[in-house]
Amino acid sequence: MKQDCLDIGLIQAFMDGELDHSQVDKVSGHIATCDRCASMLSAAEDESAIVFPALEREFNTLVPTQRLWIKINDSIAEERANRPLWQKAWALIRIGMITPPLAAAASVLVIVGVSALMLVDRPAAIVESGPVTASVKTGDTPTPMSVAEMHRSDKVVPVPDHVSTAPATAPYRIERADYRPTVSRSVYAASPRLSPATAADRSNSYMPGEESYVKTIASLSRAVDAQKDNSMRGSERVSFERDMAVVDDAITKMRSEVKRDPKNESAKQVLYSSYQNKIDLLSSVSQKEELVASLR
Amino acid sequence: MFLKNRKLMALTAIPVIILSSATANFAQTPPKPAPMPPTSELMRFPKAPPAADPDGDHERFIKTDPAINLSLCVMEGEVRVNGWNRNEVRMLVIGGGNFNFKVQQKSQRSSDPVWIMAVGEAADTEKIRPVNECLRGDEIEIDAPVGASLNLKGQDVSITVDGIRRVSIKNAGGDISVRNVSDGINATTYRGDLTVEQSSGAMVLENTSGNIVVFDAGPSEIGDIFKAKTASGAISVQKISHRQLEVNSISGSVTYNGDILNGGSYAFWTSNGSIKLTVPASSAGTLTASYAGSFSSDLPYKLATETVSPGLVKSIVAVLGAGGNAALKLTTNNGSISIKKL
């Protein structure tokens, strides 16, 4: 038993999944080695086992009703969106017949708009791609222009004399304007369960074969973290977190042991087996989810 | 004059408005709404209250081949499967929905079914709900030929199987108890205990949260393996005559009580718990033990190598008893190992 035992509030928060990842790792690591805290967790788990079934009906009745309303509303919205074109037009005509000034104003607007379109949509003076053969003043420097700019300025792209032979026949490359800010984006490190072992693995070099384990665990962890809230009950979640803590603890210890004595084959085997256990543990969550889904 | 004639103006405006409406429709195509969920999904909610269920007792028989393969899925309840010496399958659902047998394959020789599925049927009052092929009921009793193979998927089911040939079970939650199965067991439960008695054949028993207890089991063919694995729970194995055993628990103790057969391979592992072996005094083999706590053996052993450095893992390689071809590999990361005489 350790002297610095956990607060019951912290244990409840751990059970309810309210702690962040670093706290979860800390708490689970402590529970794995402290009998008193493990028994407190077990007692809290027993209480949850009584409370959750009592409230299960409430949970189950609330969610379907809300979903039903959402689906009904979605259906109505889609029905409206999928209304045939002639129905929409007829609705507009009815409005127009009721309010003739509105119809007159709309028709004037349409006529003006169509005329403007016809004026604007004349054939452009230049071709967007293809050889550029226009003569330019000596000394002009070529500046790349976007197609929009070419339309707007309505002028020919300047090409210097010394590139008027071979490069002039090459297709003109349209360059995209650089509108993006130069602020470097931080890479999203998706590691929902950054165990001590994984953290250590990132800072150190891998042993032969270890990297594949770490990568597999990382990808499985992402998948499991996304679904474990739905697929596991309170008591199962606690068991899962406790087992993960045990396995993580074993991995951390064995890794440091192997680092200290690289010839310790027993520690290596235990390390690899612990990795495999972690993979199996994570896989069991997905397998259970698949089983339940297949029964629906 | 044109403006004064309102009717003429309105008639002129009609095609223009239609044109503008169509143009606007093409120009501003609204984002396509999410596709409607299938009708079955819509109908899934709200769930009919239990009081409206036409629960009752339903019983059916079907004549089958002696080596029938029976498949079914069960949502909830208690399932009892019993082997009998008749070439027919009887199924009784107590306090649940109606069901039927669907013949999947027939024997070319006898034209009797060799593979059937038991599927749930919606009652007349249940038409609003999707027809889930899984059975449901308070209790489900199945009598099947002793040569039958059972393939069962369950969601929250307590399962007992006795006296058939082969069993394959996957259960999301609930205990599984199997006995007198002659040719192999593959059982998984994600929450619940798993018990196997007096059975033979290859065995793969997996459990996420719960204990595994196996008593009196053996191979039906040479080379049949025995695997038992749990995450949170203890594993107790007694009187096993398989020659290849893999027993693995993450946070629980492992107990073995039985013979160490010559040429056998025995691997016992736990991350957080003790390993206790009780074996005959005459047991012999090569012992490899890795442990974090203590190691003790009532049986004589001769050390080949021993690592008791200040590290976390202590390990020994030793010749147990008079030596032999059996290989014992015992590993615990946080616990002790003890070998006692039977």
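What counts, and at which threshold
- Residues numbered from 1 in each chain as written.
- Chains lettered and ligands numbered in written order.
- Predicted model: local features only at pLDDT ≥ 70, side-chain atom pairs only at ≥ 80, totals over all residues.
- Heavy atoms only, no water.
- Helix = DSSP H or I, 4+ residues; strand = E, 2+ residues; numbered from the N terminus.
- Buried < 20%, exposed > 50% of the residue type's maximum accessible area, 1.4 Å probe, protein only.
- Contact = heavy atoms within 4.5 Å.
- Areas by Shrake-Rupley, 256 points an atom, 1.4 Å probe, with all protein chains shown as cover.
- pLDDT = per-residue confidence, 0-100.
- Phe/Tyr/Trp six-rings, centres within 6.5 Å; stacked < 30°, edge-to-face > 60°.
- Lys NZ or Arg CZ within 6 Å of the ring centre and 35° of its normal.
- Disulfide = S-S within 2.5 Å.
- Pairing = 2+ DSSP bridges.
- 1 Å grid on protein atoms, 1.4 Å probe; cavity = no way out; pocket = protein on both sides within 12 Å on 5 of 7 lines; lining within 4 Å.
- Points joined across faces, edges and corners; volume = space filled by probe spheres on them.
- Nonpolar A, V, L, I, M, F, W, Y, C, P; charged D, E, K, R; others polar.
- Core = buried A, V, L, I, M, F, W, Y, C linked by side-chain atoms within 4.5 Å.
- Salt bridge = Lys/Arg side-chain N within 4 Å of Asp/Glu carboxyl O.
- Axes fitted to C-alpha atoms, helices over the stretch in contact; angles between N-to-C directions.
- Parallel < 35°, antiparallel > 145°, perpendicular 65-115°, else oblique.
- Left-handed = near helix turned anticlockwise from the far one by under 90°.
- Expected span 1.5 Å × (residues − 1).

### Section: the overall build of chain A
Working step 1: When helices and strands are tallied, chain A shows eleven helices and zero strands.
Working step 2: Counting from the amino terminus, helix and strand elements in chain A follow one another as α-α-α-α-α-α-α-α-α-α-α.
Working step 3: Counting only residues that meet the buried cut, chain A has 33% of its 296 residues in that class.
Working step 4: Across chain A, every contact between residues at least 6 apart in sequence was considered, and the portion connecting residues at least 24 apart equals 70%.
Working step 5: For chain A, the exposed surface amounts to about 19100 Å²; the carbon and sulfur share of it is 58%.

### A few points about the confidence of the model for chain B
All names here are of chain B.
Working step 1: Of all residues in chain B, 80% have pLDDT values of 70 or greater, and the mean over the chain is 84.
Working step 2: Low pLDDT, under 50, characterises residues 21–52; the predicted model gives this stretch 28 contacts beyond four residues in sequence or across chains.
Working step 3: Among the prediction metrics, the complex's ipTM stands at 0.72, with pTM recorded as 0.61.

### Quick look at the packing of aromatic side chains
Working step 1: This model, assessed by the stated rule, comprises seven aromatic pairs over all chains.
Working step 2: Between Tyr213(A) and Tyr275(A), the ring centres sit 5.4 Å apart and the planes meet at 10°, which makes this aromatic pair stacked. Here Tyr213(A) is found in helix 9 (residues 210–231), whereas its partner Tyr275(A) is found in helix 11 (residues 265–295), with 62 residues between them in sequence.
Working step 3: Aromatic side chains Phe295(B) and Tyr301(B) sit 5.5 Å apart centroid to centroid with 85° between the ring planes, which places their arrangement in the edge-to-face category.
Working step 4: Under the relative-accessibility criterion, Phe295(B) is labelled buried at 16%.
Working step 5: A network of ring pairs unites the aromatic residues Tyr213(A), Tyr272(A) and Tyr275(A) as a single cluster.
Working step 6: The side chain of Arg60(B) reaches across the aromatic face of Phe99(B), ending 5.9 Å from its centre.
Working step 7: The lysine or arginine in question, Arg86(B), covers the ring of Trp84(B), its NZ or CZ lying 4.5 Å from the ring centre.

### Structural notes on the state of the cysteines
All names here are of chain B.
Working step 1: Evaluation of the coordinates by the stated rule reveals one disulfide over all chains.
Working step 2: What pairs with Cys73 in a disulfide is Cys134, and their sulfur atoms sit 2.0 Å apart. On the sign convention where negative is left-handed, the bridge of Cys73 and Cys134, at about -105° about the S-S bond, is left-handed. Within this pair, whereas Cys73 is found in strand 2 (residues 69–84), its partner Cys134 is found in the loop between strand 5 (113–120) and strand 6 (137–145), the two being separated by 61 residues in sequence.

### A few points about the pairing of strand 6 of chain B
Residues and elements named next belong to chain B.
Working step 1: Relative to strand 6, strand 2 is paired through seven bridges, and the arrangement is parallel. Each residue of the ladder has a partner; that of Trp84, found in strand 6, is Pro145.
Working step 2: In the sheet, strand 3 (residues 88–96) pairs with strand 6 via six bridges, with the strands oriented antiparallel. Counted as the bridge partner of Met91 is Ile142 from strand 6.

### Quick notes on the pairing of strand 15 (residues 235–240) of chain B
Two faces belong to every sheet, and in a regular strand the side chains alternate between them.
All names here are of chain B.
Working step 1: Sheet analysis places strand 13 (residues 212–218) next to strand 15, joined by five bridges and oriented parallel. Within strand 15, the position partnered with Ile212 by the bridge is Ile235.
Working step 2: Of the pairings in the sheet, the one linking strand 15 to strand 17 (residues 254–257) comprises four bridges and is parallel in character. Each residue of the ladder has a partner; that of Val237, found in strand 17, is Tyr256.

### A closer look at the layout of surface pockets
Working step 1: Space inside the second largest pocket adds up to approximately 740 Å³.
Working step 2: As for the second largest pocket, its lining consists of 34 residues, of which Gln276(A), Asn277(A), Asp280(A), Lys229(B) and Asn248(B) are closest to the centre.
Working step 3: The leading source of residues in the lining of the second largest pocket is helix 11 of chain A, at twelve residues.
Working step 4: For the lining of the second largest pocket, a count of residues per class yields ten nonpolar, 17 polar and seven charged.

### Comments concerning the nonpolar core
Working step 1: Core analysis: the largest hydrophobic core is formed by 67 residues, its most contacted members being Leu72(B), Met91(B), Val161(B), Phe226(B), Tyr256(B) and Phe268(B).
Working step 2: Residue contacts for Phe268(B): discarding those within four places in its chain leaves Leu245(B), Val247(B), Val254(B), Tyr256(B), Ile275(B), Leu277(B), Lys329(B), Leu330(B) and Thr331(B).
Working step 3: If you look at the next biggest cluster of nonpolar residues, it comprises 27 residues, including Ala32(A), Ala267(A), Ile279(A) and Val285(A).

### Topic: the pattern of salt bridges
Residues and elements named next belong to chain B.
Working step 1: Applying the stated criterion across every chain yields a total of 20 salt bridges over all chains.
Working step 2: Across the salt bridge formed by Glu88 and Arg86, the nearest N and O atoms sit 3.0 Å from each other.
Working step 3: Glu88 gets classed as buried once you look at its relative accessible area, which sits at 19%.
Working step 4: The partner of Glu133 in a salt bridge is Lys102, with the nearest N and O atoms 3.1 Å apart. Of this pair, Glu133 sits in the loop between strand 5 and strand 6 while Lys102 sits in strand 4 (residues 99–106), and the two are 31 residues apart along the sequence.
Working step 5: The class for Lys102 is partly exposed, based on a relative accessible area of 34%.

### Side note on the packing of helix 9 of chain A against helix 11 of chain A
Residues and elements named next belong to chain A.
Working step 1: Relative orientation of the contacting elements helix 9 and helix 11 amounts to 30°, with a least axis distance of 9 Å. In terms of their interaxial angle, helix 9 and helix 11 are classed as roughly parallel. Helix 11 is crossed by helix 9, and the crossing has left-handed handedness. Between helix 9, through Glu210, Tyr213, Val214, Thr216, Ile217, Leu220, Ser221, Val224, Gln227 and Ser231, and helix 11, the contact on the second element is made entirely by Leu271, Tyr272, Tyr275, Gln276, Lys278, Ile279, Leu282, Ser283, Val285, Ser286, Lys288 and Glu289.
Working step 2: Among the residues making up the contact of helix 9 with helix 11, the classes are represented as eleven nonpolar, seven polar and four charged.

### Section: the side chain of Ser71(B)
Residue and element names in this part refer to chain B.
Working step 1: Tracing the backbone through its elements, the reader meets Ser71 in strand 2.
Working step 2: A relative accessible area of 10% places Ser71 in the buried class.
Working step 3: Not counting chain neighbours up to four residues away, the residues in contact with Ser71 comprise Trp115, Ile116, Met117, Ala118 and Asn151.

### Examining the environment of Gly17(A)
Working step 1: Here Gly17(A) lies in the loop between helix 1 (8–15) and helix 2 (21–33).
Working step 2: On a C-alpha basis, the gap between Gly17(A) and Val238(A) in space is 9.5 Å, while along the polypeptide they are 221 residues apart.

### Things to note about empty space enclosed by the protein
Working step 1: What the rule picks out here adds up to four cavities of 30 Å³ or more.
Working step 2: Computed from the structure, the largest cavity encloses a volume of approximately 100 Å³.
Working step 3: In terms of lining, the largest cavity is formed by 13 residues, of which the most central are Met232(A), Glu236(A), Ser284(A), Tyr190(B) and Thr208(B).
Working step 4: Those elements that place two or more of their residues in the lining of the largest cavity are helix 10 (234–260) and helix 11 of chain A together with strand 12 (203–209) of chain B.
Working step 5: For the lining of the largest cavity, a count of residues per class yields five nonpolar, five polar and three charged.

### Here we look at helix 10 of chain A
Working step 1: The end-to-end C-alpha separation of helix 10 of chain A is 39 Å, in line with the 39 Å expected for 27 residues at 1.5 Å each.
Working step 2: With 19 of its 27 residues buried, helix 10 of chain A lies for the most part within the structure.

### Brief notes about unusual backbone geometry
Residue and element names in this part refer to chain B.
Working step 1: At Asn180, a position not held by glycine, the phi torsion is positive, near 55°.
Working step 2: With respect to the helices, strands and loops of the structure, Asn180 is situated in the loop between strand 9 (176–179) and strand 10 (185–189).
Working step 3: In this structure, Gln198 is a non-glycine residue whose phi angle is positive, near 45°.
Working step 4: Mapped onto the secondary structure, Gln198 falls in strand 11 (residues 194–200).

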